[in-house]
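Geometric and topological summary
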Amino acid sequence: MLDVIFQVLNGHPEIALFLALALGYLIGKIKVTGHNLGLVTGSLFAGLLIGQLGVEISPQIKTIFLLLFLFANGYGAGPQFFRALKNDGIAPLLLTVVVCSVGLLCVWGMATLMGLDRGFAAGLLSGALTQSPAIGTASEAIMALDLPLAERQALVNHIPVADAVCYLFGFWGEVFYVAMILPRMLKIDIEEEARKFEKTYGLNDNDTQNAPFNTAQSLRVYTLENSRYSGKSAAFLEDSALKSGFRLFVLRLRRDGKTEPVTRETILQASDRLVVAGRREWILAFAPEIGPECDDVDLLDIPIDQIDVVVTNSSYTGKPLAQLALTSNTSRGVFLKRLIRAGHEVPISTGTILDKGDVLTLIGAAGQIEAVAKNIGFAERPTITTDMFTLGFGIVVGCLIGLPAFLIGGVHLSLSTSVGTLLAGLFFGWLRSVKPNLTGRVPEASQAFMVNFGLAGFVAITGLHAGPVFF
């Protein structure tokens, strides 16, 4: 049986690779003290296990996986990366230099003290700092050394060995230190600080009024009988609702058998049938003040559209959603369904502040939503199609950036194709956020797939190569 498995996996290494990814996913779901290993670490362990059979996979395939990961990672982080440089100045750069320098010095000191070779030292760095991408850059650096090929390959195989051993402490050690030791050192109550943070940004799951931009979940029809609103504009009714904490809009009405759209300037009259849009609980809380609810299917037949918008208009950035929600002329009848920033969904609250490059999923009346999207930035229809020109050309540019090398003290120094690809991803992601019409789109789902699949595939192949020397 083992002979058959050995022959199949060695004769078809692609099976070994995807088996490592499948097993890596299962291993990554294992939880210890409430935290799981994750797909990347699980794939490394699975690769090391299957690698005992001596499976050989082309190193070029490993490089392809790494480049996909780096470009997608940079593309998603690009808008926030350059925004941080502009808004926060040199402070984040100094912090980055300190963290990298301290980490590198610690690794160099321990490697010198323990007599570790370059491969083990690189694995110590990637594992202890839980920075799996360092496996790729270290592998490229080692393969560029002026050493015999067999020695370079042996050093590269040592990287995942040390990474696998050190990652466990790097991960759980950090979790334990940050959660248990550091708060006591700084005399901080984490739960209390979390509540203060939620209060600052208006995050409160029990308060339905803390999401003024949240998704419209209901359209209902009410007959206007309250004399307070009769003869007044729709703006008066909507502002009255807003003062009570409810963001509602009148989208259309029926008067004397005729249906017409409603603007803020429209004057309402008694017996008008009004279509009120907003969150269901808000409508139920306020709309009965207008008059009795009635059933009018035809009046409710309003085309509702959904669209993704890349924020490019600076007048919408740096302001909390609560303030933007009050600008009824620009956001009337449109609701925010989802906010994506750097590939991650951001909680929607009154204190959430928009940044350039954010992707907003808006929902609302078909005509109004297009006008709002145009004001905010660049409108995009939801898609699963990746612009392959942007992906392919971006990686080509990145690789070309990383090729030039300089000879310093007998050592060839270069950015390498991996770092160059990361820089290209940052640039194209930033360019997409400020000039979306100049570059194609890589949807968030594609970014997530390339990040997970690329890095997991890379470390799985690294583990397959290092398997025979691991134990």
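Presented here is a report on the structure given in the accompanying data block. These figures come from a predicted structure and were not determined experimentally. (Residues numbered from 1 in each chain as written. Predicted model: local features only at pLDDT ≥ 70, side-chain atom pairs only at ≥ 80, totals over all residues. Heavy atoms only, no water.)

1. Overview of unusual backbone geometry
- One non-glycine residue, aspartate 256, adopts positive backbone phi at about 55°.
- As for its position among the elements, aspartate 256 is in the loop between strand S4 (249–255) and strand S5 (258–261).
- Residue class for aspartate 256 comes out exposed when judged on its relative accessible area of 76%.
- Residue serine 271 is not a glycine yet carries a positive backbone phi of 75°. (Helix = DSSP H or I, 4+ residues; strand = E, 2+ residues; numbered from the N terminus. Buried < 20%, exposed > 50% of the residue type's maximum accessible area, 1.4 Å probe, protein only.)

2. A word on the nonpolar core
- Counting 33 residues, the largest nonpolar core has Leu17, Ile50, Val55, Ile57, Ile159, Phe458 and Val459 as the members making the most contacts within it.
- Elements that contribute at least two residues to this core include exactly helix H2 (13–28), helix H3 (39–50), helix H4 (59–88), helix H7 (133–143), helix H8 (149–186) and helix H17 (444–470).
- Per-element accounting of this core gives the leading share, 8 residues, to H17.
- Apart from residues lying up to four places away in sequence, valine 459 is in contact with Val40, Ser43, Leu44 and Ile135.
- Of all hydrophobic cores here, the second largest spans 19 residues; its members include Leu237, Leu253, Val276 and Phe286. (Core = buried A, V, L, I, M, F, W, Y, C linked by side-chain atoms within 4.5 Å. Contact = heavy atoms within 4.5 Å.)

3. With respect to the pattern of salt bridges
- Evaluated as defined, the whole model comprises 14 salt bridges.
- Across the salt bridge formed by glutamate 192 and arginine 195, the nearest N and O atoms sit 3.0 Å from each other. Of this pair, glutamate 192 and arginine 195 both sit in helix H9 (residues 190–200), 3 residues apart, roughly one helical turn.
- With a shortest N-O distance of 3.0 Å, glutamate 293 and arginine 220 are connected by a salt bridge. Of the two residues, glutamate 293 sits in strand S7 (residues 293–294) while arginine 220 sits in strand S3 (residues 218–223), which places them 73 residues apart along the sequence.
- By relative accessible area, which is 43% here, glutamate 293 ends up partly exposed.
- Each of Glu238, Asp239 and Arg264 takes part in salt bridges that share partners, so that together they form one network. (Salt bridge = Lys/Arg side-chain N within 4 Å of Asp/Glu carboxyl O.)

Distances and angles like these do not, on their own, reveal function.
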